[in-house]
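Structure at a glance
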Amino acid sequence: GAVVSQHPSRVICKSGTSVKIECRSLDFQATTMFWYRQFPKQSLMLMATSNEGSKATYEQGVEKDKFLINHASLTLSTLTVTSAHPEDSSFYICSATSGPDYEQYFGPGTRLTVT
Amino acid sequence: KQEVTQIPAALSVPEGENLVLNCSFTDSAIYNLQWFRQDPGKGLTSLLLIQSSQREQTSGRLNASLDKSSGRSTLYIAASQPGDSATYLCAVSSNTGKLIFGQGTTLQVKP
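Quick caveat, the model's predicted, so the values are computed rather than measured. (Residues numbered from 1 in each chain as written. Chains lettered and ligands numbered in written order. Predicted model: local features only at pLDDT ≥ 70, side-chain atom pairs only at ≥ 80, totals over all residues. Heavy atoms only, no water.)

**Looking at the interface of chain B and chain A**
Each side of the interface is counted separately: chain B has 21 residues, and chain A has 20 residues. Carbon and sulfur atoms supply 52% of the area buried between chain B and chain A, which totals about 1600 Å² over both sides. Looking at the side of chain B facing chain A, the largest losses of area belong to B:Leu44, B:Lys98 and B:Phe101, adding up to 27% of the total buried there. Put simply, chain B and chain A have one salt bridge between them. The closest approach of N and O atoms between B:Lys98 and A:Glu59, which form a salt bridge, is 2.8 Å. At the boundary of chain B and chain A, one finds seven residue pairs in polar contact (both at pLDDT 80 or more). Within the residue set of the side of chain B that touches chain A, elements represented by two or more residues are β4 (32-38), β5 (44-51) and β10 (99-101) of chain B. (Contact = heavy atoms within 4.5 Å. Buried area = accessible area lost by both parts, 1.4 Å probe. Salt bridge = Lys/Arg side-chain N within 4 Å of Asp/Glu carboxyl O. Polar contact = N/O pair within 3.5 Å; in protein donor to acceptor, adjacent residues only side chain to side chain. Helix = DSSP H or I, 4+ residues; strand = E, 2+ residues; numbered from the N terminus.)

**Overview of the sheet that holds strand β8 (residues 72-77) of chain B**
Residue and element names in this part refer to chain B. Read across the sheet, five strands follow the order β1-β3-β8-β7-β6 without closing on themselves; strand pairing throughout is antiparallel. Edge positions in the sheet fall to β1 (4-7) and β6 (56-59), since each has one partner strand and no second. Strand after strand, the sheet turns through a mean of 15 degrees between neighbouring axes, direction not considered. Two strands pair when backbone bridges link them, and strand β3 (residues 19-25) and β8 are joined in this way by six bridges, in the antiparallel orientation. When the sheet's bridge partners are listed, serine 24 is paired in β8 with arginine 72. (Pairing = 2+ DSSP bridges. Axes fitted to C-alpha atoms, helices over the stretch in contact; angles between N-to-C directions.)

**Focus: the pairing of strand β7 (residues 67-73) of chain A**
Residue and element names in this part refer to chain A. As judged from the five bridges shared by β7 and strand β8 (residues 76-81), these two strands associate in the antiparallel manner. Paired with phenylalanine 67 across the strands is valine 81, a residue of β8. In this structure, the hairpin formed by β7 and β8 is closed by a connection of two residues.

**As for the state of the cysteines**
Residue and element names in this part refer to chain A. In total, this model carries two disulfides over all chains according to the counting rule given. Each sulfur in the disulfide pair cysteine 23 and cysteine 94 lies 2.0 Å from the other. An S-S torsion of about 80 degrees defines the bridge between cysteine 23 and cysteine 94 as right-handed. Here cysteine 23 is found in strand β3 (residues 19-25), whereas its partner cysteine 94 is found in strand β9 (residues 90-97), with 71 residues between them in sequence. Its relative accessible area of 0% is what places cysteine 23 among the buried residues. Its relative accessible area of 0% is what places cysteine 94 among the buried residues. (Disulfide = S-S within 2.5 Å. Buried < 20%, exposed > 50% of the residue type's maximum accessible area, 1.4 Å probe, protein only.)

**Here we look at the nonpolar core**
Residues A:Trp35, A:Leu79, A:Tyr92 and A:Leu112 are the most contacted members of the largest nonpolar core, which totals 23 residues. For this core, the secondary structure elements donating two or more residues are β2 (10-13), β3, β4 (32-38), β5 (44-51), β7, β8, β9 and β11 (110-114) of chain A. Excluding residues within four positions of it along the chain, A:Tyr92 makes contact with A:Gln6, A:Ile21, A:Tyr36, A:Arg37, A:Met47, A:Phe67, A:Leu79, A:Gly109, A:Thr110 and A:Leu112. B:Ile30, B:Ile50, B:Ala86 and B:Val92 belong to the second largest nonpolar core, which has 22 residues in total. (Core = buried A, V, L, I, M, F, W, Y, C linked by side-chain atoms within 4.5 Å.)

Now the structure itself:
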């Protein structure tokens, strides 16, 4: 299957700082990328949908000014958690797809810990 | 609003047993349904994708079925192995590609 990478895999930051997470599709062009967060023992919750070259669409309850998403190319999307707080600590996972007829391929996730 | 439910939440079986994981969804207007596997602390691995017009898909020891009208899907695992131990997630998508996930079934296969 197709490969999606995320960087970094783990990050620890201090409260009030910003953290950028990268999601890359390595061997295919992803017209759409999705960002999810997952709390321990819970399922994935969609945060936003990112289409290349356009603004991200955020799910209800997700602060767009706090979670900045950029999808500058068909192989790269970034999620920046601004002014991070301990409650933002979570497992962030991205996925990428070539379109709704195709499978979504998931990255390995980024574990964010805000101290 | 689409809701996806997976039963059971956890399952423990001896090695070699055949097993079925269940997934139900409230809105039958889905575009496709995917089954994923997630190992602890890891991302998701796609197992099977069933388009809304299909009834089932098979890959190796895995078989997934879809009954859109009743809002149900099952994942059948034949001859289970300890390496199959993981959390299995079912997700349905709309035509925008957005996935709605169930809570998952955590499977333990004992040697």
